[in-house]
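Analysis of the macromolecular model
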Amino acid sequence: MIRFILTKLGLLIPTFLGVTLVAFSFIRMLPGDPVELLAGERGVSPERHAELMATLGFDKPLWEQYFSFLVGILHGDLGTSFSSKQPVLEEFFVRFPATIELATCAIIFAALIGLPAGIVAAVKRGSAFDHTLMGISLTGYSMPIFWWGLLLIILFSSPDMLNLTPVSGRISALFWVDTQTGFMLIDSLLSDEKGAFKSAAAHLVLPTIVLGTIPMAIIARQTRSAMLEILGEDYVRTAKAKGLSPFRIVGIHALRNALITVITVIGLQVGVLLAGAILTETIFSWPGIGKWMIDSISRRDYFAVQGGIVLIASIVMLVNLLVDFMYGLINPRILHRRS
Amino acid sequence: MSQVQNTLDQNETPQTEAPKPISPFRQQMREFWFYFSENKGAVAGLFFFLFVVLVAVFADVIAPHSPIEQYRDFILIPPAWQEGGNAEFLLGTDPVGRDLLSRLMHGARFSLYAGCIVIVISLSIGVMLGLSAGFFRGMYETIVMRVMDVILSIPSLLMALVLVAILGPGLRNAMIAISITYLPHYVRLARASAVAESARDYVTASRVAGAGTWRLMCITILPNCMAPLIVQASLSFSTAILDTAALGFLGMGAQPPASEWGTMLAEAREFILSAWWVVTFPGVAILLTVLSINLMGDGLRDALDPKMKRS
């Protein structure tokens with residue numbers, strides 16, 4: 001097991017170095033001069049320009065800049081954001097819980113609906129339910145989520161229609177909740193303010209649906225095909241012949257094996273979720289890393305973009321590693337084959 | 001494969017008395033259509049997609065108005081069937097008085113064009129990289145595959161956004177950026193098939209017969225790797241349309257006044273509570289187009305992927 005993890009970790013190192021190199025070269029390819037951007041419309045004298053370039057480290061040779069960037073990463077220093085003058089790492093972790101909260105809710109929502117739907121569709125293969133469900137999930141898979149968000153806002157938040165849910169932010173401005181964990185649902189529960197939790201939950205509803213739609217469709221489709229494959233296996237027939245109840249066969253014998261595929265699929269949604277978070281957070285003004293990245297890119301905030309790419313890619317890589325690890329845990333055959 | 005063809009022949013012989021010898025290509029097409037048409041959704045998707053293609057091709061002729069002409073007296077007119085609607089503007093007008101229907105028709109061009117270009121770029125470069133990696137192996141393969149891992153570990157939309165920021169916003173650069181983010185899928189597929197195929201006897205035979213590297217790669221191996229690549233291409237055609245629209249929506253894709261669907265949505269965003277039609281219709285257009293392509297993709301997979309074929 002340990003060897004399995006170590007090999008996987010070893011494979012990650014070149015990819016991580018590649019990501020840092022990509023992030024580093026990307027921001028140096030961005031058009032425009034960092035110092036002039038910093039100075040804004042006032043402009044800057046040539047001497048001051050050179051001085052600023054030197055303090056930012058842009059005057060050194062590229063390889064030296066890259067090397068100090070790498071050393072910085074190892075020390076947990078990703079530079080300072082231009083616009084907020086805060087360390088990039090701090091900026092990132094202030095916003096990260098908001099995205100995690102949203103993504104977790106979205107994946108739970110997606111799995112809660114997608115898993116049972118896929119199982120029932122597989123068991124009732126060819127039925128009207130199966131066809132309807134697969135139609136819906138393909139529609140969900142084809143959904144332009146930025147439009148889906150706008151549509152839901154029209155339906156649920158417009159004063160003319162249902163007027164049920166708020167449109168933007170994480171909590172109503174009426175409440176002041178101390179940041180303890182960074183997760184608004186938990187923080188609002190811990191606070192004494194009445195109605196704060198309800199407000200936070202109401203703010204989460206639409207973004208969760210929007211972000212969860214595509215993963216839900218993928219989970220439903222993959223669960224169905226994994227279940228179909230397993231329901232045709234010999235041991236399922238044996239279980240039937242033994243006279244086990246259909247509930248036990250599907251729920252215990254088949255589902256356990258189908259979960260191997262499904263967990264991998266859920267794990268692979270992390271990249272989808274982070275990309276979707278960029279759009280979802282923009283539509284709902286959700287103060288997470290997706291919106292932060294978009295704002296940083298449009299502000300040409302060099303170090304924020306550079307650090308953000310490295311951090312987000314690291315999260316994706318770590319989750320993929322975790323999925324591999326889980327995969328080995330659920331399906332011991334994989335571990336044994338390697339060692 | 002031959003088994004499948006046998007059953008096919010058996011199915012078809014009773015209908016035609018004396019089957020004429022048909023060319024292998026037509027035989028293949030017939031087999032393909034046999035499996036494809038079994039999937040009703042795929043056929044429906046195909047017809048809707050052909051409809052979109054026709055609209056895009058003949059947009060100049062069939063669109064009732066110019067997509068950029070502003071009718072200043074008809075600003076934000078609701079669709080014709082609603083109160084205050086005007087039969088001249090069937091789906092209503094946008095905030096500067098342009099006809100929505102005409103803009104949607106012209107918008108089909110941008111989406112289909114972007115989808116095609118993205119596939120052509122990512123498929124051709126991806127297949128070349130993947131085939132050569134699977135063929136030459138060694139250090140070259142390691143480098144190519146690690147680079148693809150790097151691209152895969154950065155979420156595609158983020159990658160595309162940064163690339164567009166470097167290249168400058170616009171439809172062309174958006175297409176280039178999206179193509180790059182799709183590369184790894186093709187490279188991985190092509191490499192895997194190439195590795196599997198190059199160990200087969202027919203490749204060795206061809207090599208012994210003196211075939212050169214180029215011939216081995218492109219003429220001997222490539223045609224046998226095509227099925228999964230075509231399925232992947234149909235999938236990325238739909239995601240390319242979605243991503244182009246997403247970049248347009250974020251202001252990094254096609255620039256106004258282009259009637260690209262995502263860009264139209266971005267312009268309409270502030271009217272979402274007052275004029276539902278400017279927000280709804282472009283999205284419906286994107287959704288239906290993407291859905292029809294995905295339906296077709298499902299049918300393609302049933303017809304092309306031998307592993308998925310029902311025995």
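These numbers come from a predicted model, not from an experiment.

The number of helices and strands found in chain B is 13 helices and zero strands. When its C-alpha atoms are laid out on the principal axes, chain B stretches across 75 × 60 × 30 Å. When each of the 311 residues of chain B is scored for burial, the buried share is 52%. Sequence separation of at least 24 residues holds for 69% of the intrachain contacts in chain B that already meet a minimum separation of 6. For chain B, the accessible area works out to roughly 14600 Å², and carbon and sulfur atoms hold 64% of it.

All names here are of chain B. In this numbering, the UniProt entry assigns the feature "transmembrane region" (unreviewed entry) to residues 42-63, 110-131, 143-167 and 271-291. Across residues 110-131, the secondary structure splits into 100% helix and 0% strand, with the terminal C-alpha atoms separated by 31 Å. Helix makes up 92% of residues 143-167 and strand 0%, with an end-to-end C-alpha separation of 25 Å.

Our next topic: the UniProt feature "transmembrane region" (unreviewed entry) in chain A. Residues and elements named next belong to chain A. The UniProt record annotates "transmembrane region" (unreviewed entry) at residues 9-27, 100-123, 135-156, 200-220, 258-284 and 304-330. Secondary structure over residues 100-123 splits into 100% helix and 0% strand, and the C-alpha atoms at its two ends are 34 Å apart. Across residues 200-220, the secondary structure splits into 100% helix and 0% strand, with the terminal C-alpha atoms separated by 28 Å.

So, about the confidence of the model for chain B. Residues with a pLDDT of 70 or more make up 91% of chain B, whose mean pLDDT is 84. This prediction of the complex comes with two scores: 0.85 for pTM and 0.85 for ipTM.

In this section: a nonpolar patch on the surface. Residues and elements named next belong to chain B. On the surface, L54, V57, F58, V61 and I62 cluster together into a nonpolar patch covering about 490 Å² of accessible area. Position of F58 relative to the elements: it lies in the loop between α3 (40-57) and α4 (59-62). We classify F58 as partly exposed; its relative accessible area is 43%.

With domains assigned, chain A is organised as domain 1 (2-74) and domain 2 (97-287). Here the C-alpha centroids of domain 1 of chain A and domain 2 of chain A sit 37 Å apart.

Moving on: helix α11 (residues 226-249) of chain B. For α11(B), spanning 24 residues, the distance from its first C-alpha to its last is 34 Å, which sits close to the expected 34 Å at 1.5 Å a residue. B:G251, located one to two residues past α11(B), shows a positive phi value of around 85°.

This brings us to the UniProt feature "domain: ABC transmembrane type-1" (unreviewed entry) in chain B. UniProt marks residues 108-297 of chain B with the feature "domain: ABC transmembrane type-1" (unreviewed entry), using the numbering shown here. In residues 108-297 of chain B, the share of helix is 82% and the share of strand is 0%. The end C-alpha atoms are 19 Å apart.

What follows covers the side chain of B:S179. On the secondary structure map, B:S179 appears in helix α8 (residues 171-198). In contact with B:S179, other than residues within four places in its own chain, are B:V118, B:I121 and B:S122.

As a further point, take the packing of aromatic side chains. In this description, an aromatic ring pair is defined by two values, namely the gap between the centres and the angle between the planes. Tallied over the full model, the rule gives 19 aromatic pairs over all chains. Between B:F32 and B:F36, the aromatic rings sit 5.5 Å apart at their centres with planes inclined by 20°, giving stacked as the arrangement. Taken together, the positions of B:F32 and B:F36, both in helix α2 (residues 24-36) and four residues apart, correspond to about one turn of that helix. Connected via pairs of aromatic rings, a cluster forms that spans A:F92, A:F93, A:F96 and A:W292.

On to unusual backbone geometry, then. B:P256 connects to B:P257 through a cis peptide bond whose omega is 10°. With respect to the secondary-structure elements, B:P257 resides in the loop between α11 and α12 (261-268). Non-glycine residue A:S285 carries a positive phi angle of around 45°. Within the secondary structure, A:S285 is located in the loop between α11 (246-283) and α12 (289-298). Residue classification places A:S285 among the partly exposed positions, given a relative accessible area of 35%. Residues other than glycine seldom take positive phi values, yet B:R137 does so here, at roughly 55°.

The subject of this paragraph is the interface of chain A and chain B. With 43 residues of chain A at the contact, the number on the chain B side is 38 residues. Around 3600 Å² of area is buried between chain A and chain B when both sides are counted, 82% of it from carbon and sulfur atoms. The partner of A:R221 in a salt bridge is B:D298, with the nearest N and O atoms 3.0 Å apart. Across the chain A-chain B interface, the total number found is four residue pairs in polar contact (both at pLDDT 80 or more). When residues of the side of chain A that touches chain B are traced back to their parent elements, those giving at least two are α1 (2-29), α6 (128-141), α7 (145-157), α11, α12 and α13 (302-330) of chain A.

Let's shift gears to the pattern of salt bridges. Two side chains bearing opposite charge may form a pair once their charged atoms approach each other closely. In this structure the tally under the stated criterion is 15 salt bridges over all chains. Here A:D295 makes a salt bridge to A:K291, at a shortest N to O gap of 3.3 Å. Residue A:D295 and its partner A:K291 are located together in helix α12, separated by four residues, close to a single helical turn. Given the relative accessible area of 24%, A:D295 is considered partly exposed. Several salt bridges converge on common partners, so that one network encompasses B:D94, B:R98, B:R103 and B:E267.

What counts and what doesn't
- Residue numbers run consecutively from 1 along every chain, following the written order of its sequence.
- Chain letters and ligand numbers both follow the written order, the letters beginning at A and the numbers at 1.
- In keeping with the model being predicted, local features are shown solely for residues with a pLDDT of at least 70 and side-chain atom pairs are shown and tallied solely at 80 or more, while totals for entire chains, interfaces and linings include all residues.
- Side-chain numbers come from the whole structure's heavy atoms, not from hydrogens or water.
- A run of DSSP states H or I qualifies as a helix once it reaches four residues; a run of E qualifies as a strand once it reaches two. Both are numbered from the N-terminal end.
- In this scheme, a residue with accessible area under 20% of its type's maximum is buried, one over 50% is exposed, and one in between is partly exposed, where area comes from a 1.4 Å probe on protein chains only.
- Residue contacts are defined here by distance: any two heavy atoms, one from each residue, within 4.5 Å place the two residues in contact.
- What sets the accessible areas is the Shrake-Rupley method with a 1.4 Å probe; for residues, cover comes only from the shown protein chains.
- UniProt positions are given in the numbering used here, feature names are shortened, and annotations may be inferred rather than shown by experiment.
- Here pLDDT means the predictor's own confidence in every residue, given as a number from 0 to 100.
- What goes into a patch is any residue over 30% in relative accessible area without a salt bridge, connected to like charges within 9 Å or, for nonpolar side chains (Val, Leu, Ile, Met, Phe, Trp, Tyr), within 5 Å.
- A carboxyl oxygen of Asp or Glu within 4 Å of a side-chain nitrogen of Lys or Arg is what we treat as a salt bridge.
- Segment limits for the domains were obtained from an automatic or database-derived domain assignment.
- In a helix, the anticipated span is given by 1.5 Å times the number of residues less one.
- Classification of ring pairs uses Phe, Tyr and Trp, with its six-membered ring standing for Trp, and accepts pairs whose centres are within 6.5 Å; under 30 degrees between planes counts as stacked, over 60 as edge-to-face, and the remaining range as tilted.
- By definition, the buried area sums, over both parts, the 1.4 Å-probe accessible area that each loses when the two are put together.
- In protein, a polar contact requires one atom able to donate a hydrogen and another able to accept it; more generally it is a pair of N or O atoms within 3.5 Å, and residues adjacent in sequence count only if both atoms are side-chain atoms.

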